[in-house]
Every structure is written in structure tokens, then in C-alpha cells.
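Examination of the molecular architecture
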Amino acid sequence: MSREKRSFAQEVCVKSAGKAMQKTGMLWPGCRVGVAVSGGVDSFVLLKTLKIRQGIVPFRFELMAVHLNPGFDPHSHAALLPWLAREGIPAHLEVTDYGPQAHSEQNLRRSACFRCAWLRRKRLFELCARYGLTHLALGHNAEDLVETFFLNLCRNGRVDGMSMCEPFFNGGLRLIRPLLLVEKKYILKAARQWELPVWANACPSAGRTARSAMAETLSGLYGLTKDARRSIFNGLIRWQLDKNSRPGDQDGGAENVAR
């Protein structure tokens, strides 16, 4: 069977995920990967990318989509079901009340985003245990890495980013971020070209978070010099990749993607 022709943006997603996998030893034969699919563009492109990589890597691994509807619109994920059926990807889909609960008067101690994320992460870990998953894949991208680095630095005085491959529960589960080398512009283009049925975020806090505020702050920093944005992205991507790479595999620059 001939390989489907992919655009440049699609190739960036697929090859960069391959580089992250290869450099960090992210997957291994027989592993079972749960993909947290929110319905947003990042997680959808991640799922499609991992489906393609199943046919590229020289060993077998399993995929399962896990969707937790936050409860603002219980029917928002309707388009996901037929797409998963066409792709042959098993899934667990569940409607929760995490969103409304996080925005309720009962949640006064923490921000709505913190509470919702905590509930979602806890449930995802429970489902990984139920289905015997060895990995949980999240759709964070290069912008998320840069924003997290500066949030950690400015708010916590900590030099830290986002791990590409992080063990939990004494190594019983690995949290992975295969798209952490990919800029958002390529993810957006790839999603359109793959015609993924992405749906809008119904959360009332969307666009009004600490992360979105940091993104606005960074836009001013990027304007300091012509190459500021590219230099910051390349530097932090290379730093994070070196930090997470297996011993003896720390020679890859940010501009090189795996074949």
C-alpha cells in the first residue's frame, strides 16, 4: 500500500513526533497509549499523528482515545465518534461535570482552571489504570513549552519547562508529550488539511487564563529583535529535548526532525 501524500505541515507534526519518540525512548514494543482528546486542535492532531506513527515505527503499539467532556455542552463531542470509527481507534468517552463544578461558588480556594485540570488529570489516571494503559499522551506544543517555562520562572522562581516523557506511579505510567517540538502554526494547518472535526471550546474561562496572559506578554518580548521569537523557541526546544533525551542521544538540534 502506497503512503498517503502529506503536506509540509503534516510532515512537521509526524516527523517531529518521531524525533521526540526516538530521542527520549518514549515508546516500546507492546505499549498501550491512551491519548487525552479534548476536542481541541492540539489533541486531535496528536491522535492523528500517533495513528500515522503506528505504521512507521518498527514495532507494534496500541492506541486508545480518552475524552472527558467537561460538561458545558454534553453533545459537543458528537463528531468524534464517527471519526474514531473510521480510523479504527478504540475509545472511552465520558461526560463529566468538571467544568461547571470548577466555576461554581463551591470552588473558592482555587482557580476554575486549576480545579478542572486537577479533576480531569485524576480521572485520566484512573482510566489508564482501568484499561491497563502504559502511557498517557497529552497534546502540548512548543508554544505551551515556552509559556510554561516563563510562567515557572516569573511566578515560582523555577527554571523548568514541560517534560516530554515523565514517569508516574513508580514508572507504572508514563506521561508523554510527542508534539512538544511542534509550533502551533503547523498544528493548525495540519488539522485543516486532515479535515479533523475539531469543535469550539465552550469554557467561559477560555482566553482568560494565566497562560493566555503570558502569551500576550511574550508577544512583546518577541518584538525586541527580528529573530527573538525564533531564538527563544529554538533555545527552549533544544534545552528541553536535551534534558529529556536518553544518555548518548543529546546531539539533535531543534531544526532537525526525525525521518
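Here the structure is shown first, and the text comes after it.
Let me begin by describing the structure that accompanies this report. Each chain carries its own residue numbering, running from 1 in the written order of its sequence. Since the coordinates come from a predicted model, pLDDT governs what is reported: local features require at least 70, and pairs of side-chain atoms require 80 or more to be given and counted, while whole-chain, interface and lining totals use all residues. Heavy atoms throughout the structure, all of them, feed into the side-chain values; hydrogens and water do not.

1. Focus on helix α7 (residues 184-194)
Spelled out, the test is: Throughout, exposure labels follow a simple rule: accessible area from a 1.4 Å probe, protein chains only, divided by the maximum for the residue type, with under 20% read as buried, over 50% as exposed, and the rest as partly exposed. Working definition: helices are DSSP H or I runs of at least four residues, strands are E runs of at least two. Numbering for both runs from the N terminus. By definition, the arc is the one covered by directions from the helix axis to the C-beta atoms. Note on definitions: a residue-residue contact is assigned when non-hydrogen atoms from the two residues lie within 4.5 Å.
For α7, the full list of buried residues reads Tyr186, Ile187, Ala190, Ala191 and Trp194. All buried residues of α7 fall inside an arc of 135° around its axis, so they share one side. Where α7 is buried, its residues touch α1 (8-24) and α2 (41-54). Looking at the residues trailing α7, positive phi occurs at glutamate 195, about 55°.

2. With respect to the sheet that holds strand β5 (residues 165-168)
To keep things clear, this is the line we draw: Two strands pair if DSSP finds at least two bridges between them. Note on geometry: axes are C-alpha line fits, over the in-contact stretch for helices, and angles between N-to-C directions span 0 to 180 degrees.
The sheet built from six strands is open, its strands ordered β3-β2-β1-β4-β6-β5 with mixed pairing. For this open sheet the edge positions go to β3 (91-95) and β5, each flanked by a neighbour on one side alone. On average, each strand axis in the sheet is tilted by 20° relative to the strand beside it, whichever way the strands run. Strand direction decides the pairing type here: β5 and strand β6 (residues 173-176), joined by four bridges, are antiparallel. The residue bridging cysteine 165 from the neighbouring strand is isoleucine 176, located in β6.

3. Quick notes on the environment of cysteine 128
Structurally, cysteine 128 can be placed in helix α5 (residues 112-131). A relative accessible area of 3% places cysteine 128 in the buried class. Through-space distance from the C-alpha of cysteine 128 to that of valine 66 is 9.2 Å; in sequence the pair is 62 residues apart. Discounting residues that sit within four places of it in the chain, cysteine 128 has contacts with Leu133, His135, Leu136 and Leu173.

4. Structural notes on the pairing of strand β2 (residues 62-69)
Note the following rule: Whether a crossover is right-handed comes down to one check: with the strands pointing away from the viewer, does the path from the first strand over the helix to the second run clockwise; if it does, it is right-handed.
Among the eight residues in β2, seven count as buried, and that is most of the element. Where the polypeptide runs from strand β1 (residues 32-36) across α2 and back to β2, its parallel neighbour, the crossover connection is right-handed. Looking at chain direction, β2 and β3 are connected through five bridges and run parallel. Opposite asparagine 69, over in β3, you have valine 95 as the bridge partner. Traced from β2 through helix α3 (residues 80-87) to β3, the parallel crossover comes out right-handed.

5. Remarks on the packing of α2 against α7
Stated formally: Here is the rule for angles: anything less than 35 degrees is roughly parallel, anything more than 145 is roughly antiparallel, 65 through 115 is roughly perpendicular, and the remaining ranges are oblique. Under the convention adopted here, Pro, Cys and the residues Ala, Val, Leu, Ile, Met, Phe, Trp and Tyr are nonpolar, Asp, Glu, Lys and Arg are charged, and Gly plus all remaining residues are polar.
Two elements in contact, α2 and α7, have axes separated by 9 Å at closest approach and are oriented at 70°. Classified by the interaxial angle, the pair formed by α2 and α7 is roughly perpendicular. Residues Val41, Asp42, Val45, Lys48, Thr49 and Ile52 of α2 pack against Lys184, Ile187, Leu188, Ala191 and Trp194 of α7. Classifying every residue of the contact of α2 with α7 by side-chain character gives seven nonpolar, one polar and three charged.

6. Examining the side chain of threonine 49
Structurally, the position occupied by threonine 49 is in helix α2. For threonine 49, a relative accessible area of 0% translates into the label buried. Setting aside its immediate chain neighbours within four residues, threonine 49 contacts Cys13, Val14, Ala17, Leu179 and Trp194.

7. Considerations on the packing of helix α6 (residues 142-156) against helix α8 (residues 210-222)
In the contact formed by α6 and α8, the axes pass within 10 Å of each other and the chain directions differ by 95°. Relative to α8, the element α6 lies roughly perpendicular. Judged by residue contacts, Asp144, Val146, Glu147, Thr148, Phe150, Leu151, Cys154 and Arg155 of α6 engage Ala210, Arg211, Met214, Ala215, Leu218, Leu221 and Tyr222 from α8. Of the residues in the contact of α6 with α8, the class split is 10 nonpolar, one polar and four charged.

8. So, the packing of aromatic side chains
Condition: Only rings of Phe, Tyr and Trp enter the pairing, Trp through its six-membered ring, and a pair is recorded when the two centres are within 6.5 Å. The plane angle decides the type: under 30 degrees is stacked, over 60 is edge-to-face, the rest tilted. Lysine and arginine charges are scored as sitting over a ring when NZ or CZ, respectively, is within 6 Å of the ring centre and within 35 degrees of the ring normal.
Counted under the stated rule, the structure contains 10 aromatic pairs. With centroids separated by 5.1 Å and ring planes inclined at 85°, the aromatic side chains of phenylalanine 125 and phenylalanine 169 adopt a geometry described as edge-to-face. Pair noted here: phenylalanine 125 is in helix α5 and phenylalanine 169 is in the loop between β5 and β6, with a separation of 44 residues, a long-range link. The class of phenylalanine 125 is buried, set by a relative accessible area of 15%. Using a relative accessible area of 52% as the deciding quantity, one classes phenylalanine 169 as exposed. One aromatic cluster is present, formed by Phe44, Trp83 and Trp199 through successive ring pairs. In this structure, arginine 229 packs its charged tip against the face of tyrosine 222, placed 5.6 Å from the ring centre.

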